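What follows is each chain in one-letter form.
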Amino acid sequence: MIRVENLRKKYPTRFGEKLVLDNVNFELQKGEKLGILGRNGAGKSTLIRLISGAEFPTSGRVVAGMSISWPLAFGGAFQDNLTGVDNVRFISRVYNQDFEHNLAFVEDFSELGDYLREEVRTYSSGMRARLAFAISMITEFDCFLIDEVSAVGDARFHARCNHELFERRADRAMIIVSHNTSYINNHCNKFGLLHDAKLKLYDDFEEAFSDFKTKIGLADQKILKAPKPRIAVRNRKQLIDTTNTSAPYDEAFANLTMEAHVRAQEKKWGEARLAYEQAFELYPFHGAFWAQWAHVVKEAGDLELAEVGYRSSCALGESVGEMNEFFSGVVKKLKRDPSERPLMALRDGPTYHQPPSIPDLQLFARACWGVENVGRGDILALLGRCDSCDGLLAAMIEDDRFSDLHKEWLEQDDKKSAFSPKVKFEKSANVGESASWVLNLACIAEVGQKENDILKIAKTVKDMRGTLPVFLSQGGFADWPETRAAIQERIS
């Protein structure tokens, strides 16, 4: 038996302590399988780590009367400087097991091939997860902790995982946390809902799922408002990093992405796509959810758009190694060779040199063409041939829609140069919710080093028509060679 008693966990943040788990109590008997529902950031993974011993609680305790696995698909215990083979050897020694027998199983199950003899620090998150799951299966535990195993690998690998867990080890206890509600419904006989740091237990899945949808606002289709615009950071890389850190703690964003997960599990691809796109209105530069959007688009049958989605997710920081399996499958179905134009990863260095994504295109379309919604044809055409943010912006400036929108500015007689245009600064009443995109574009253009500078520029832009001249007048896109050449060509 496992008994969780009065478990509490707090984390320090720059805003003060955040209570993640508050007085959590439950018991788990041999053979019972507890599935836990909860929105992003609810504390599900934290609970798993506390039960495994990977972290310690702030107060309370976990009493274990049976052996407990580490979280499946959790690679935190690996020695990064050792190879996969050496990690198998290490685990085998710790548990006094036959190394050669274990290695043969891990080689077959993980399907890592030659990478098994490379250092783990070179692995993508998906490769680490495969190794962790395979190693978990060589060690027999009374209770397995499963944290989003359904997100590891392709459908065939999922089937192998399910066979090992739920058929060969059907008599074991399990605690499962997953966004995949069908996965929990199919494999669990007890259910829990983690919300506002509290855990409520259920014997019936439908009751638990109904309460879950009510808690996250799906039951009444609650309309969510966008948060006030955030102060932009200084460049695109920082914008992406800040988005990944802050978005999960935004309740509106978390609810929308959870709605998308639920709709996807119900195979309502159109509704899932819409929910993701509503979430992107709040945080457009979140690479992981562009990958999920691509999955949904692929399932709906639009392979060309799915390809662009996978490219965008990697351009925004997702692992190329992890996305390549999905990307290659889509490209091969389109009867093309994936190696001809492979995925490009987000990299350090100047913004202009970074690979472009759908949200970059959407921002540039507002500034260059004065449109809020970019059509599918433009997305496929532009992101299908542009390999840098600089190249993308230059291509959009060369489009006739740019000259149509900026005709008055381009024809100014007293404009000294294309890069110091005459711009009349008029402070608008306030930045407003609709100006969030202006802050993001100001960040990408790197027009200010201080928050007040960025806000001043955002307040200057009263509509989309004045965006690009304002940014140029403030030194924006200063080191973008293709963009500057395209603007100079328009001027001349």
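Rules used in this analysis
- Residues numbered from 1 in each chain as written.
- Predicted model: local features only at pLDDT ≥ 70, side-chain atom pairs only at ≥ 80, totals over all residues.
- Heavy atoms only, no water.
- Axes fitted to C-alpha atoms, helices over the stretch in contact; angles between N-to-C directions.
- Helix = DSSP H or I, 4+ residues; strand = E, 2+ residues; numbered from the N terminus.
- Parallel < 35°, antiparallel > 145°, perpendicular 65-115°, else oblique.
- Left-handed = near helix turned anticlockwise from the far one by under 90°.
- Contact = heavy atoms within 4.5 Å.
- Nonpolar A, V, L, I, M, F, W, Y, C, P; charged D, E, K, R; others polar.
- Salt bridge = Lys/Arg side-chain N within 4 Å of Asp/Glu carboxyl O.
- Buried < 20%, exposed > 50% of the residue type's maximum accessible area, 1.4 Å probe, protein only.
- Phe/Tyr/Trp six-rings, centres within 6.5 Å; stacked < 30°, edge-to-face > 60°.
- Lys NZ or Arg CZ within 6 Å of the ring centre and 35° of its normal.
- Arc of directions from axis to C-beta.
- Polar contact = N/O pair within 3.5 Å; in protein donor to acceptor, adjacent residues only side chain to side chain.
- Pairing = 2+ DSSP bridges.
- Core = buried A, V, L, I, M, F, W, Y, C linked by side-chain atoms within 4.5 Å.

Helix α11 (residues 287-299) packs onto helix α10 (residues 269-280) with a crossing angle of 155° between their chain directions and a minimal axis gap of 9 Å. One way to sum up the angle between α10 and α11 is to call them roughly antiparallel. Handedness of the crossing formed by α10 with α11: left-handed. On the side of α10, the interface is formed by Trp269, Ala272, Arg273, Tyr276, Glu277 and Phe280, while α11 contributes Phe289, Trp290, Gln292, Trp293, Val296, Val297 and Glu299. Along the lines of polarity and charge, the residues of the contact of α10 with α11 split into 9 nonpolar, 1 polar and 3 charged.

So, about the pattern of salt bridges. As enumerated under the stated definition, the model contains 35 salt bridges in all. With its nearest N and O atoms 3.0 Å apart, the salt bridge here joins Arg169 to Glu140. Here the residue Arg169 occupies a position in the loop between α5 (155-167) and β7 (173-177), and Glu140 occupies one in the loop between α4 (125-138) and β6 (143-147), the gap between them amounting to 29 residues. Its relative accessible area of 3% is what places Arg169 among the buried residues. In this structure, the salt-bridge partner of Glu307 is Arg336, at a minimum N-O distance of 2.2 Å.

Remark: the centre distance and the inter-plane angle together describe each pair of aromatic rings, the angle taken between the planes. Following the criterion strictly, the structure yields 17 aromatic pairs and no others. Aromatic pair Trp70 and Phe141: ring centres 5.5 Å apart, planes at 80°, arrangement edge-to-face. Within this pair, whereas Trp70 is found in strand β5 (residues 68-72), its partner Phe141 is found in the loop between α4 and β6, the two being separated by 71 residues in sequence. Note on Phe105 and Phe109: the rings are 5.5 Å apart at their centroids and 15° apart in plane angle, and the pair reads as stacked. Here Phe105 pairs with Phe109, and both are found in helix α3 (residues 99-110), just 4 residues apart, close to one helical turn. Judged on exposure class, the residue Phe105 and its partner Phe109 are both buried. Among the aromatic residues, ring-to-ring pairing joins Trp70, Tyr95, Phe141 and Phe144 into one connected group. One cation-aromatic arrangement involves Arg89 over Phe99; the distance from NZ or CZ to the ring centre is 4.4 Å.

Here we take up helix α7 (residues 205-215). Phe205, Ala208, Phe209 and Phe212 are the residues of α7 that are buried. When α7 is viewed along its axis, its buried side chains cluster within an angular range of 95° and face the same direction. The secondary structure elements touched by the buried residues of α7 are β3 (33-37), α6 (181-187), β8 (190-195), β9 (198-202) and α9 (251-265). The opening residue of α7 is Asp204, an N-cap whose side-chain oxygen sits 3.2 Å from the backbone nitrogen of Glu206.

Pairing in this open sheet of 6 strands is mixed, and the strands run β5-β6-β7-β3-β8-β9 from one edge to the other. Of all the strands in the sheet, the pair left with one neighbour each is β5 and β9. Looking at each pair of strands side by side, their axes are set apart by 20° on average, direction ignored. Strand direction decides the pairing type here: β5 and β6, joined by 3 bridges, are parallel. Looking at β6, one finds that Ile68 is bridged to Cys143. Packed onto the sheet, helix α1 (residues 44-52) meets β3, β5, β6, β7 and β8 and runs at close to 150° relative to β6.

Note that Ala42 resides in the loop between β3 and α1. Among the residues examined, Ala42 registers a relative accessible area of 9% and is labelled buried. Here Ala42 is in contact with Val20 and Leu194, once residues within four sequence places are set aside.

Before going further, it helps to spend a moment on the environment of Phe166. Topologically, Phe166 is positioned in helix α5. For Phe166, a relative accessible area of 14% puts it in the buried group. The spacing of Phe166 and His187 is 21 residues in sequence and 7.4 Å in space, taken between C-alpha atoms. Residue contacts for Phe166: discarding those within four places in its chain leaves Ile146, Met174, Ile176, Tyr183 and His187.

This part takes up the nonpolar core. Among the nonpolar cores identified, the biggest contains 76 residues, and Trp293, Met396 and Phe477 are the most heavily contacted of them. For this core, the element with the highest residue contribution is helix α14 (residues 358-369), accounting for 8 residues. In this view, Phe477 contacts Leu393, Leu441, Ala445, Leu468, Phe471, Leu472, Thr483 and Arg484; residues no more than four positions away in its chain are not counted.

We now examine the sheet that holds strand β2 (residues 16-28). If you walk across this open sheet you meet the 3 strands as β2-β1-β4, and the pairing is antiparallel. Two strands lie at the open edges of the sheet, namely β2 and β4 (59-64), each paired on one side alone. Here the strands of the sheet are splayed against their neighbours by 25° on average, with no regard to which way each runs. With 5 bridges joining them, strand β1 (residues 2-13) and β4 adopt antiparallel strand pairing. Along β4, the bridge assignment pairs Glu5 with Arg61.

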